[in-house]
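# Architecture and fold: a report
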Amino acid sequence: MAAAPKNFHGLTVDRLGQAIVEGRHAVGWSLPPEPMLCVQFGVSRTVVREAVKSLVAKGLLVTGPKVGTKVLPADHWNWFDPDVVAWQSKAGPTREFLRDLQELRRVIEPAAVRMAAGRAQPDDLRELEAAFAGMKHAVDRGGDYIASDLRFHHALLKSSHNRMVVQMGKALGALLRVSFELSSKRPDGAALSLPLHRAVLDALIAGDPVEAEQASLRLIDSAARDIDAVLASRQRLPALR
């Protein structure tokens, strides 16, 4: 289903956030005065102020009576915020961003899969089978492979039946999309990943936590190699959806 169109507030947050992530407003510098931003975005002062509040909440800006409104470095940004991830994706993900993402996956996913091997319910396995079928259909006949890949990995985290892991899975969604979209740019990357996904699912069906964890690590490491191959072939990282 298509996303609802953004209102003036949402559009202003989007445009200003994208400009900050792209470096058009330098770290440590103050934003232009409110009247200039109103003219730039064609909105009222109220909209600009609310947009700034949103970006403060996302960690991109800091405001204060003596400091004004200044741009914060990327270490302060909320990397679990889908907007922040989307802006970085459009700008072209940095190598540091991708390194952090792969390391995060290696910490969270194998442990969640290990738990899932002992806790997955029939409904969980059916959802995983359906997601895998969608991936295979996309490889064989065309379609949205990434959507099915995301569905598969969300189902993996949900199958852990750990409420905190499941909540983290919701926050990880935008980050995982970046990883999958970039790794799938390698020729035959999607087709080669299918048996690796199948191995994870088969280990869950067998209730084997050790093999499930190892299969998850093999899958993540394969994606990392695909991403490295894409990086090696380009001078500048591609903008993603």
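Everything discussed here concerns the structure shown above.
As a starting point, this report considers the structure included with it. (Residues numbered from 1 in each chain as written. Predicted model: local features only at pLDDT ≥ 70, side-chain atom pairs only at ≥ 80, totals over all residues. Heavy atoms only, no water.)

### What about the overall build of the protein chain?
To keep things clear, this is the line we draw: Under the DSSP-based scheme used, a helix requires at least four consecutive residues in state H or I and a strand at least two consecutive residues in state E, with every element numbered from the N terminus. Each residue's exposure class comes from its accessible area (1.4 Å probe, protein chains only) as a fraction of the maximum for that residue type: buried when under 20%, exposed when over 50%, partly exposed otherwise. When checking whether two residues touch, look at their non-hydrogen atoms; a contact exists if any pair is within 4.5 Å. Under the convention used here, a 1.4 Å probe and the Shrake-Rupley method define accessible areas, while residue burial counts only the protein chains that appear. Positive charges come from Lys and Arg alone, negative charges from Asp and Glu alone, with His and the N- and C-terminal ends not counted. Each charge is placed at NZ for Lys, CZ for Arg, CG for Asp and CD for Glu.
In terms of helices and strands, the protein chain carries 10 helices and 2 strands. Listing every helix and strand of the protein chain by position from the N terminus yields α-α-α-β-β-α-α-α-α-α-α-α. The dimensions of the protein chain, computed from C-alpha atoms along their principal axes, are 65 × 40 × 30 Å. A total of 241 residues make up the protein chain; the buried ones form 44% of that total. At a minimum sequence separation of 6, the contacts of the protein chain that also span at least 24 residues come to 72%. If you sum the accessible surface of the protein chain, you get close to 12800 Å²; carbon and sulfur atoms cover 56% of it. Counting 32 positive and 27 negative side-chain charges, the protein chain places the averaged centre of each group 6 Å from the other.

### Description of the pairing of strand 1 (residues 61-64)
Put simply, the rule is: By definition, two strands form a pair when at least two bridges between them are found by DSSP.
Relative to strand 2 (residues 68-71), strand 1 is paired through 4 bridges, and the arrangement is antiparallel. Note that in strand 2 the partner of V62 across the bridge is K70. Hairpin connection from strand 1 to strand 2: 3 residues lie between these consecutive antiparallel strands.

### With respect to the pattern of salt bridges
What counts here: Salt bridges are defined as contacts in which a side-chain nitrogen from Lys or Arg sits within 4 Å of a carboxyl oxygen from Asp or Glu.
All told, the structure shown has 17 salt bridges when counted by the stated rule. Between E22 and R24 there is a salt bridge; the shortest N-O distance is 2.8 Å. For E22, a relative accessible area of 39% puts it in the partly exposed group. Owing to a relative accessible area of 53%, R24 belongs among the exposed residues under this scheme. Across the salt bridge formed by K53 and E50, the nearest N and O atoms sit 3.4 Å from each other. Taken together, the residues span about one helical turn, with K53 and E50 both in helix 3 (residues 45-57) at a distance of 3 residues. When its relative accessible area of 53% is taken as the criterion, K53 is described as exposed. We classify E50 as partly exposed; its relative accessible area is 36%.

### Some points on the packing of aromatic side chains
What counts, and what does not: Put simply, two rings from Phe, Tyr or Trp (the six-membered ring, in Trp's case) pair if the centres are within 6.5 Å, and we call them stacked under 30 degrees between planes, edge-to-face over 60, tilted for the rest. When the NZ atom of lysine or the CZ atom of arginine is within 6 Å of a ring's centre and also within 35 degrees of its normal, the charge is said to sit over that ring.
The final tally for this structure, using the stated rule, is 2 aromatic pairs. With a centroid separation of 5.5 Å and an interplanar angle of 45°, the aromatic rings of W77 and W79 are classed as tilted. Following the ring pairs from residue to residue traces out a cluster consisting of W77, W79 and F97. Directly above the ring of F132 sits R198, whose terminal nitrogen or CZ lies 5.1 Å from the centroid.

### Remarks on helix 5 (residues 95-119)
Short version of the rule: What a helix is expected to span follows from its residue count: subtract one and scale by 1.5 Å.
End to end, helix 5 covers 36 Å across 25 residues, agreeing with the expected 36 Å (1.5 Å per residue, within 8%). Regarding helix 5, the residues found buried are F97, L98, L101, Q102, R105, I108, E109, P110, A112, V113, A116 and A117. Buried-residue contacts for helix 5 involve helix 4 (82-91), helix 7 (145-158), helix 8 (163-183), helix 9 (189-206) and helix 10 (209-232).

### Let's talk about unusual backbone geometry
Even without being glycine, H161 reaches a positive phi, approximately 50°. With respect to the secondary-structure elements, H161 resides in the loop between helix 7 and helix 8.

### Considering the environment of A91
Tracing the chain through its elements places A91 in helix 4. On a C-alpha basis, the gap between A91 and A120 in space is 38 Å, while along the polypeptide they are 29 residues apart.

### A closer look at helix 2 (residues 34-41)
Basically, it comes down to this: Directions are taken from the helix axis to each C-beta atom, and the arc is the one they span.
If you check which residues of helix 2 are buried, you get L37, C38 and F41. Buried residues in helix 2, looked at end-on, bunch into an arc of 105°, giving them a common side. The exposed set on the far side of helix 2, more than 90 degrees from its buried face, consists of M36 and V39. In this structure, the buried side of helix 2 is in contact with helix 1 (8-21) and helix 3.

### Digging into the packing of helix 4 against helix 8
For the record, the criterion: Here, axes are lines fitted to C-alpha atoms. For helices the fit covers the stretch in contact, and angles between N-to-C directions go from 0 to 180 degrees. By definition in this entry, angles of less than 35 degrees are roughly parallel, angles greater than 145 are roughly antiparallel, angles of 65 to 115 are roughly perpendicular, and the rest are oblique. Crossing chirality is assigned from the near helix's rotation relative to the far helix, an anticlockwise turn below a right angle marking it left-handed and a clockwise turn marking it right-handed.
Relative to each other, helix 4 and helix 8 sit at 20°, their axes nearing to 8 Å. Judged on the interaxial angle alone, helix 8 and helix 4 are roughly parallel. Viewed along their axes, helix 4 and helix 8 form a crossing whose handedness is right-handed. Two secondary-structure elements touch here, helix 4 through P82, V85 and S89 and helix 8 through A174, L175 and V178.

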